[in-house]
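Coordinate inspection notes
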Amino acid sequence: MTSPFPFEVQTGSLSHRGMVRDHNEDSFLALPESGLWVVADGMGGHEAGEVASRMITEAAATIGRSSSAPDMLTRLVDRIDLAHRNIRDHSIRMGGATIGSTVVALLIYEAHFAVLWAG
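All figures in this text were calculated on a predicted structure; none of them were measured in a lab. (Residues numbered from 1 in each chain as written. Predicted model: local features only at pLDDT ≥ 70, side-chain atom pairs only at ≥ 80, totals over all residues. Heavy atoms only, no water.)

Some points on helix α2 (residues 69-93)
- The end-to-end C-alpha separation of α2 is 36 Å, in line with the 36 Å expected for 25 residues at 1.5 Å each.
- Lining the buried residues of α2 we find β2 (36-42), α1 (49-60), β3 (101-109) and β4 (112-118).
- A side-chain oxygen of the first residue of α2 lies 3.1 Å from the backbone nitrogen of Asp71; this N-cap is Ser68.
- Among the residues trailing α2, Gly95 stands out with phi positive, at a value near 80°. (Helix = DSSP H or I, 4+ residues; strand = E, 2+ residues; numbered from the N terminus. Expected span 1.5 Å × (residues − 1). Contact = heavy atoms within 4.5 Å. Polar contact = N/O pair within 3.5 Å; in protein donor to acceptor, adjacent residues only side chain to side chain.)

Quick notes on the nonpolar core
- Counting 23 residues, the largest nonpolar core has Leu36, Val38, Ile56 and Leu76 as the members making the most contacts within it.
- Where this core is concerned, the elements lending two or more residues are β1 (26-31), β2, α1, α2 and β3.
- A per-element tally of this core places α1 first, with six residues.
- With sequence-adjacent residues up to four places away left out, Ile56 is seen in contact with Val38, Ala40, Ile80, Ala83, Ile87, Ser101, Thr102 and Val103. (Core = buried A, V, L, I, M, F, W, Y, C linked by side-chain atoms within 4.5 Å. Buried < 20%, exposed > 50% of the residue type's maximum accessible area, 1.4 Å probe, protein only.)

Brief notes about the pattern of salt bridges
- All chains considered together, the criterion is met by two salt bridges.
- The closest approach of N and O atoms between Arg54 and Glu58, which form a salt bridge, is 3.5 Å. With Arg54 and Glu58 both in helix α1, this residue pair falls four residues apart, about one helical turn.
- A relative accessible area of 40% means that Arg54 is categorised as partly exposed. (Salt bridge = Lys/Arg side-chain N within 4 Å of Asp/Glu carboxyl O.)

Structure, rendered in structure tokens:
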């Protein structure tokens, strides 16, 4: 498969639960073939942060191959919106618990890129 980028991309990842929590609430996704990298970090101190972060990366993983940079951005925003709805539904099922995650994403399409951040 040919690279979708006019340059070489090397990807690595590592996560650690930190010094305070007893479990890791991070979730990450690296799809260099689609030009997408996502890190979601569950909101510590609240319930189910690991669930929220996983919902974000699982939704983002369905982005597929984009036809343009604007298409890629639209696809990711749609998936983040879907994850948001799923997280809210999960909160309702948990009796209105506070559930959330930060998210940062890097999108690269040919010579274009975008960085998204929320949280």
